[in-house]
Protein chains: 2
Amino acid sequence: MTAVGNNKPKRETYRHGDLRNALVEAGLELARQGGPTAVVLRAATRQAGVAPNAAYRHFTDRNALLHAVSQAAMAHLARTMEAEQTTLPPTTDAAAAARARFRAVGTGYLRFAQEEPGLFRTAFHVPGDMTHAAADTAAGTTGKTPFELLGTALDGLVEAGLLPEDRRPGAEFLAWSAVHGLACLLIDGPLRGLHPTRVHDAGQHVIDMIERGI
Amino acid sequence: MTAVGNNKPKRETYRHGDLRNALVEAGLELARQGGPTAVVLRAATRQAGVAPNAAYRHFTDRNALLHAVSQAAMAHLARTMEAEQTTLPPTTDAAAAARARFRAVGTGYLRFAQEEPGLFRTAFHVPGDMTHAAADTAAGTTGKTPFELLGTALDGLVEAGLLPEDRRPGAEFLAWSAVHGLACLLIDGPLRGLHPTRVHDAGQHVIDMIERGI
DNA sequence: ACCCATTGTGTACGATGTTCACATTTGGAG
DNA sequence: CTCCAAATGTGAACATCGTACACAATGGGT
């Protein structure tokens, strides 16, 4: 059953109308299942019901398409992190709230890595310079990229007096390193296939370490 | 100048004699320059002066070849970490020595990631289960894998009284997460292209965090 | 109403992974 | 020593992929 997968068999308009988006969407689905290497130009065009070359009207390269998909995956990550923060129970304790929001950043990050490993890998697949990932293409519903979400959470820790101001500079890289590293170990490192509850525990332990060591 | 690269143009014996090794070696060179995706079966056989299919007598798949190359890269990493430890100045203070050996594990890891990003990426490219990476194919000259080197360094910390025994279990994953994450950020994350001295500083900061938070 | 920039098509080329049938060599068993 | 079977390398072939080039259809601005 290799050939019949013509999901969007045909269209009657010569113009597609929204091909660029359709290609990114198809690429996202491919990435979701097989990671960055699975986002294949011809497969995406097939899914969009279009000749392979049509893609070149919207992307100079397969790499350009992959980059767009990567940005979209990054936006998914941002939304997952935001969602994790919105599930937080309300508190009157400002310090506790800041701390909870900080931890939610890491927890959401790890949850996304676990639930959507293909998209996670794609998001971080040679993503240009992630610092200039201020690109709104990588942002969530609040308009912030994952990196910026982490930054504001750290600022919150400082405001709440939980993080000395002189430790603030560069703290995002310490926190990010630890959480991202754990994500890698969970996805295709030695911790792959760990029981979900153990995964959650491991995540909390890493975040504990960050809070102590930051 | 695409076609002339026939480095090992011919051989006069029908049998190659050591093809499996030659392919892994060629694969290592490809990986060094272009990461895992650059280890191309046909390129490796070309380099070995052999028909493409000959590879299938030694590897079931391109993936099997890639896996072997990955293991070899992991061994390189182990040797770099060992080398970092041997450059340590001798000390009579046992605790200081244990601490230095622990930090050298992380420093060597990061140095390898920086100096050989292609090999580093290849070493961690879907490396089967790294836990059962007790495989001697991934070991350095001391016969220990990177994971095992980290473990013994942590044991050293416990023996020296620098790490409470109840914090020892699972500590390798905390330390590994942080260092590995930083390596990723340095190689193709936001910290790519950072000035080498800054890179070193960032590494020391992360290791500081680990020591405080472990 | 007519251009022409935009967008999609068809055909084609080189490279890659992989398979199948065949050739050459080597190491033992007789 | 001979000879045969297992091991190892070769050749031709196929499907798929990224990509380039020439061409066709469309539709908005003058």
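Reading guide: rules and limits
- Position labels on residues start from 1 in each chain and follow its written sequence.
- Labels follow written order: the first chain is A, the first ligand is 1, and so on.
- Reporting of local features is limited, given that this is a predicted model, to residues whose pLDDT is at least 70; pairs of side-chain atoms are given and counted only at 80 or more, and all residues count toward the totals for whole chains, interfaces and linings.
- Computation of side-chain values covers all heavy atoms of the structure but excludes hydrogens and water.
- Two rings from Phe, Tyr or Trp (for Trp, the six-membered ring) form a pair when their centres sit within 6.5 Å of each other. Planes less than 30 degrees apart are called stacked, planes more than 60 degrees apart edge-to-face, and all others tilted.
- Burial classification: accessible surface area is computed with a 1.4 Å probe over protein chains only, and a residue below 20% of its type maximum counts as buried, one above 50% as exposed, and the rest as partly exposed.
- Nearness is defined per residue: one heavy atom within 4 Å of the molecule or strand is enough.
- In protein, a polar contact requires one atom able to donate a hydrogen and another able to accept it; more generally it is a pair of N or O atoms within 3.5 Å, and residues adjacent in sequence count only if both atoms are side-chain atoms.
- Secondary structure elements are defined from DSSP: runs of H or I of at least 4 residues count as helices, runs of E of at least 2 residues count as strands, and each element is numbered from the N terminus.
- Three classes are used: nonpolar for Ala, Val, Leu, Ile, Met, Phe, Trp, Tyr, Cys and Pro, charged for Asp, Glu, Lys and Arg, and polar for all others, with Gly counted as polar.
- For this overlay, a least-squares fit was computed on C-alpha atoms, restricted to residues scoring pLDDT of at least 70 in both copies.
- Whether two residues are in contact is decided by their heavy atoms, any of which lying within 4.5 Å being enough.
- Buried surface area refers to the total accessible area, computed with a probe of radius 1.4 Å, that the two partners give up upon joining, counted for both partners together.
- Salt bridge, as applied in this entry: a Lys or Arg side-chain nitrogen positioned within 4 Å of an Asp or Glu carboxyl oxygen.
- UniProt positions are given in the numbering used here, feature names are shortened, and annotations may be inferred rather than shown by experiment.

Looking at an unreviewed UniProt entry, chain A carries the name TetR/AcrR family transcriptional regulator, with the source organism given as Streptomyces piniterrae.

All names here are of chain A. Tallied over the entire structure, the rule returns 12 aromatic pairs over all chains. Taking 5.0 Å as the distance between ring centres and 50° as the angle between the ring planes, the aromatic pair formed by Phe-120 and Phe-124 counts as tilted. Grouping residues by exposure puts Phe-120 and Phe-124 together as buried.

Looking at DNA strand D, there are 22 residues lining it, with Arg15(A), Arg42(A), Ala51(B), Asn53(B) and Arg57(B) nearest. Of all atoms in DNA strand D that approach within 4 Å of the protein, 48% are sugar or phosphate atoms. With respect to DNA strand D, the side chain of Arg15(B) contributes an N or O atom lying 3.2 Å from a base nitrogen. Ranked by residues supplied to the surface near DNA strand D, first place goes to helix α2 (residues 41-48) of chain A with three residues. Among the residues making up the surface near DNA strand D, the classes are represented as nine nonpolar, four polar and nine charged.

So, about the protein's contact with DNA strand C. Contacts to DNA strand C come from 21 residues, most closely from Arg15(A), Ala51(A), Asn53(A), Arg57(A) and Arg42(B). Protein-adjacent atoms of DNA strand C, using a 4 Å cutoff, are sugar or phosphate at a proportion of 50%. Taking His58(A), its side chain carries an N or O atom lying 2.8 Å from a phosphate oxygen of DNA strand C. Ranked by residue count, the leading element in the surface near DNA strand C is helix α2 (residues 41-48) of chain B, at three residues. In terms of residue class, the surface near DNA strand C is built from nine nonpolar, four polar and eight charged.

Bringing the relation of the copies chain A and chain B into the picture now. The relation between the two chain copies is a rotation about an axis coupled with a shift along that axis. For these two chains of identical sequence, chain A goes onto chain B by a turn of 180° and a shift of 0.0 Å along the axis, with RMSD 0.0 Å. This pairing of chains is accounted for by a two-fold axis.

Residues and elements named next belong to chain B. By the secondary structure assignment, Val-39 is in the loop between α1 (19-34) and α2. Residue classification places Val-39 among the buried positions, given a relative accessible area of 1%. Each C-alpha atom of the pair Val-39 and Thr-122 lies 9.1 Å from the other, and the pair is 83 residues apart in sequence.

On to the interface of chain A and chain B. Facing the 29 residues of chain A at the interface are 29 residues of chain B. Overall, the association of chain A and chain B removes approximately 2,500 Å² of surface from exposure, summing both partners, and the carbon and sulfur fraction of that is 66%. On the chain A side of the interface with chain B, the three residues burying the most area are Pro190(A), Met209(A) and Arg212(A), jointly 23% of the side's total. Taken together, the links from chain A to chain B amount to zero salt bridges. Our enumeration of links across chain A and chain B arrives at four residue pairs in polar contact (both at pLDDT 80 or more). Among the elements of the structure, α7 (171-188) and α8 (196-213) of chain A are those that each provide at least two residues to the side of chain A that touches chain B.

Turning to its location among the elements, Arg57(A) is positioned in the loop between α2 and α3 (62-86). Residues Arg57(A) and Thr142(A), 85 residues apart in the sequence, show an inter-C-alpha distance of 31 Å.

You can see Arg168(B) is positioned in the loop between α6 (146-159) and α7 (171-188). Discounting chain neighbours no more than four positions away, the residues touching Arg168(B) are Gly151(B), Leu154(B), Asp155(B), Val158(B) and Leu163(B).

Below, the discussion takes up the UniProt feature "domain: HTH tetR-type" (unreviewed entry) in chain A. In the numbering adopted here, UniProt assigns the feature "domain: HTH tetR-type" (unreviewed entry) to residues 17-77 of chain A. Between the C-alpha atoms that bound residues 17-77 of chain A there is a distance of 28 Å. The span itself is 66% helix and 0% strand.

This paragraph deals with the pattern of salt bridges. Applying the stated rule across the entire model yields 20 salt bridges over all chains. Of the charged contacts in the structure, one is a salt bridge between Arg121(A) and Asp188(A), with a shortest N-O distance of 3.3 Å. Of this pair, Arg121(A) sits in helix α5 (residues 117-123) while Asp188(A) sits in helix α7, and the two are 67 residues apart along the sequence. Residue classification places Arg121(A) among the partly exposed positions, given a relative accessible area of 33%. Under the relative-accessibility criterion, Asp188(A) is labelled buried at 14%. Measuring nitrogen to oxygen at the nearest pair gives 3.0 Å for the salt bridge that ties Arg103(B) to Glu211(B). Here Glu211(B) lies in helix α8 (residues 196-213) and Arg103(B) lies in helix α4 (residues 94-115), a separation of 108 residues in the sequence. According to the relative accessible area criterion, Glu211(B) is partly exposed, its value standing at 25%. Overlapping salt bridges bring together Arg99(A), Arg103(A), Asp208(A) and Glu211(A) as one network.

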